[in-house]
Amino acid sequence: MDRRQFLQSTGALSFAIAVAGDGLQLISAANAATSQKINAWVSIAPDGTVTILSAGAEMGQGSMTSLPLILAEEMDADWSKVKIEFAPADASVYGYTFQNQKQMAIVGSRAVMLYFNDLRTAGVQVRKVLLANAAEKWNTDVKTLRTEPGFVVDGTGRKLSYGEIASFAKVPATLPAVDKSEFKTKDQYRLIGKAMPRRDIPAKVDGSAQYAMDVQLPGMVYATVRHAPVHGASPESWNEAKVKAMKGVIRTVKLPDGVAVIATSLPNAMAARRALEVKWNKGDAAGYDSEKALLDTYEKVHADPAAKTQTLEAKGDVKAAFSSAAKTYKAEFRSDYGYHAQMEPLNAVARMNAAGNHVEVWEGTQDPASSRTAIASALGFKEEQVTLHQCYMGGGFGRRSLGDYSAEAARIAKEAKRPVKLVWTREEDMQYGMFRPQSFQCLQAAVDGSGKVTGWSHCVVGDGGVLLQTGIRPHYYEVPNKFIEARGTPHGIRLKHWRG
């Protein structure tokens, strides 16, 4: 179904969401059906069921439940009648604004913080439309009406359920404006701040929750990949004839950084992967010794006055603070590469259409929008040519906020000309992972006679840019004299943020 068909077929009171200059904006379903940038967001069925789309990727932390709960609170929905579905992968519609960009990434523990006011506004708008329609139905002043979970109530106790209103209501082309004073106060909350069961738990307990690993499609085949042993390398040749002769093997596919094996079953694909003999070109990280860098090289870079540096923060006079200090402290720290070790192996299912101009991908991702972008880029498609079906995920820790494995699945499906389920082995995930950067860090502090910190110096050495820098700037502390710098030493290793 396209958007127009969906909105017309529901027989419900449907609201939609559009991008406004100040964030998210609900509009009428009628207007939504004529727009290319709009998707359904909230709908109320005549039986009272409220369907809310959630942009919160669910990996066990509760975001899929908490975001709709915010909207349900402000619209005064009966939570027992709320149905939650994953929002489409479209940051322009379902994204929050962070650092002047629209994003859907559920990372950094900031989903609730960044979506909070937008979803509260949407909830108030829905509530105001329900009140207005009830007032018109009863031919009364809307100011005499109030809501309680799932109902509009007048001063005499007369009630209309949201489902009843949905059967006759009209949604204005432009929904009512919302002032912050119209938000519920904390003492009025029925849902927010209360102990609420996560909606994903029952499905995960009874086994009905769908992970990408569970997806089965007609005619589906299986694939796994042997990636370059050195990060940045690519395959030149391999023993294709021998591998293709193995049981169940359909073919091999060259990838930018590896060789994929397609077979009739996952065990057959894994057996063929083990039999691959690949000749690789020289990778970016060739010759790099991580232990030597961590134990020796980084410290030398830190001590080298001629080393290239990047000042991250400079405030006051650090030299004066240290020269006049009553006492100084110095400590050095080394941190090694960190592997994400998410429970569920990286995997995705991809299906190309017969014309070869549209792909569907099933994936558990922390960032549906960027995953969709990665898939489109890998295939040379526009994003409109990619449909991403969000699934639950068995852990992420930041690794699943970049859809490189989904892009691989799409490439393989294009070559296979049939649906493909791609599964990375655990060994492959570890060897060709995207690691938290290793680093050497030197911290110094100066204190005055009363023990107050008056000077702070911090230098971090390593590869990773912002991945190394976000945790070393003490915004939370009022230190009058600070100097924080980074010294980069690129190695060609695949890097990714890792909380902690």
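Quick notes on the rules
- In this numbering scheme, every chain counts its residues from 1 along its sequence in written order.
- Owing to the predicted nature of the model, reporting of local features is limited to residues with pLDDT of at least 70; listing and counting of side-chain atom pairs is limited to 80 or more, with chain, interface and lining totals taken over all residues.
- Heavy atoms throughout the structure, all of them, feed into the side-chain values; hydrogens and water do not.
- Think of a nonpolar core as a cluster: buried Ala, Val, Leu, Ile, Met, Phe, Trp, Tyr and Cys residues, connected wherever their side-chain atoms sit within 4.5 Å.
- Exposure is judged per residue with a 1.4 Å probe applied to protein chains only, and the accessible area is read against the type maximum: over 50% gives exposed, under 20% gives buried, and values in between give partly exposed.
- Going along the chain from the N terminus, every DSSP run of H or I of four or more residues is numbered as a helix, and every run of E of two or more is numbered as a strand.
- Only strands joined by at least two bridges in the DSSP assignment are considered to pair.
- Inter-axis angles, ranging from 0 to 180 degrees, are taken between N-to-C directions of lines fitted to C-alpha atoms, where helices are fitted over the stretch in contact.
- Throughout, a contact is declared for two residues whenever any of their heavy atoms are within 4.5 Å.
- For this analysis, a ring pair means two rings from Phe, Tyr or Trp (six-membered ring only for Trp) whose centres lie within 6.5 Å, classed as stacked if their planes differ by under 30 degrees, edge-to-face if by over 60, and tilted for the remaining angles.
- Every helix has an expected span of 1.5 Å times one less than the residues it contains.
- Bend, at a single residue, is the angle you get between axes fitted to the 7 residues ending at that residue and the 7 residues starting at it.
- Positive charges come from Lys and Arg alone, negative charges from Asp and Glu alone, with His and the N- and C-terminal ends not counted.
- Any Lys or Arg side-chain nitrogen located within 4 Å of an Asp or Glu carboxyl oxygen qualifies as a salt bridge.
- For the purposes of these results, a polar contact is taken to be a pair of N or O atoms within 3.5 Å, where, inside protein, one atom must be able to donate a hydrogen and its partner to accept one; residues adjacent in sequence count only when each atom of the pair is a side-chain atom.
- Buriedness of a pocket was judged along seven lines, with at least five required to meet protein on both sides within 12 Å; pockets are open sets of points on a 1 Å grid over the protein atoms alone, cavities are sets where a 1.4 Å probe fits but cannot get out, and lining residues have an atom within 4 Å of a point.
- Grid points are joined across faces, edges and corners, and a volume is the space filled by probe spheres set on the points.
- Residues are grouped as follows: Ala, Val, Leu, Ile, Met, Phe, Trp, Tyr, Cys and Pro are nonpolar; Asp, Glu, Lys and Arg are charged; all remaining types, including Gly, are polar.
- Here a crossing is taken to be left-handed if its near helix is turned anticlockwise relative to the far helix by less than a right angle, and right-handed if that turn runs clockwise.

Caption draft 1: Broad picture of the nonpolar core. By size, the foremost hydrophobic cluster in this structure holds 60 residues, and its most contacted members are Phe-15, Ile-44, Met-75, Leu-130 and Val-152. Elements supplying a minimum of two residues to this core: β1 (13-20), β3 (39-44), β4 (50-54), α3 (63-75), β5 (82-86), α4 (91-94), α5 (111-138) and α6 (162-166). Looking at which element gives the most residues to this core, the answer is α5, with 12 residues. One finds Ala-228, Val-253, Ala-350 and Leu-388 within the second-largest nonpolar core, a separate group that totals 32 residues.

Caption draft 2: Quick peek at the sheet that holds strand β14 (residues 258-263). The strand order β13-β14-β11-β21-β18-β19-β20 describes an open sheet built from seven strands, whose pairing is mixed. Strands with a single pairing partner mark the edges of an open sheet, and in this sheet they are β13 (249-255) and β20 (386-390). Sheet twist, expressed as the mean angle between neighbouring strand axes with direction ignored, is 25°. Bridge count between strand β19 (residues 359-363) and β20: five bridges; the pairing is parallel. When the bridges of β20 are listed, Val-361 appears paired with Leu-388. Relative to strand β11 (residues 221-227), helix α9 (residues 266-275) is tilted by about 25°, and along the sheet it contacts β11, β13, β14 and β21 (420-423).

Caption draft 3: Region of the structure containing the packing of aromatic side chains. Tallied over the full model, the rule gives five aromatic pairs. Plain terms: the ring middles of Phe-86 and Tyr-392 are 5.7 Å apart, the flat faces sit at 70° to each other, and that makes the pair edge-to-face. Of the two residues, Phe-86 is situated in strand β5 and Tyr-392 in the loop between β20 and α13 (404-416); the sequence distance between them amounts to 306 residues. For Phe-86, a relative accessible area of 21% translates into the label partly exposed.

Caption draft 4: Summary view of α5. Between its first and last C-alpha, α5 extends 40 Å over 28 residues, near the 40 Å set by a 1.5 Å rise per residue. Along α5, the sharpest change in direction is near 35° and occurs at Asn-117. Where α5 ends, the next residue or the one after it, Asn-139, has phi of about 55°, a positive value.

Caption draft 5: Structural view of the side chain of Glu-58. Relative to the helices and strands, Glu-58 resides in the loop between β4 and α3. One buried charged residue, Glu-58, forms no salt bridge at all, with the nearest opposite charge on Arg-198 at 4.3 Å. Within the local environment of Glu-58, its side chain forms a polar contact with the backbone nitrogen of Ser-63, the two atoms lying 3.4 Å apart. Residues contacting Glu-58, with those up to four places away along its chain left out, are Ser-63, Met-64, Thr-65, Phe-86, Arg-198, Asp-200, Lys-204, Tyr-392 and Met-393.

Caption draft 6: Highlighting the pairing of β13. Pairing between β13 and β14: six bridges, direction antiparallel. Of the residues in β14, the one forming a bridge with Val-249 is Ala-263. Following β13, the chain reverses through two residues before pairing antiparallel with β14.

Caption draft 7: Examining empty space enclosed by the protein more closely. Scanning all chains against the criterion turns up one cavity of 30 Å³ or more. Space inside the largest cavity adds up to approximately 40 Å³. Classifying every residue of the lining of the largest cavity gives six nonpolar, three polar and no charged.

Caption draft 8: Geometry of unusual backbone geometry. Residues other than glycine seldom take positive phi values, yet Asn-139 does so here, at roughly 55°. Here Asn-139 shows up in the loop between α5 and β8 (146-148). Here Phe-397, not a glycine, exhibits a phi torsion of approximately 55°, which is positive. You can see Phe-397 is positioned in the loop between β20 and α13.

Caption draft 9: Highlighting the packing of helix α12 (residues 368-379) against α13. The interhelical angle for the contact between α12 and α13, taken along N-to-C directions, is 35°, at an axis separation of 8 Å. Read as a crossing pair, α12 and α13 show a hand that is right-handed. Each of Ser-371, Ala-374, Ile-375, Ala-378 and Leu-379 in α12 lies in contact with α13, whose residues at this interface are Ser-406, Ala-407, Ala-410, Arg-411 and Lys-414. Considering only residue class, the contact of α12 with α13 consists of six nonpolar, two polar and two charged.

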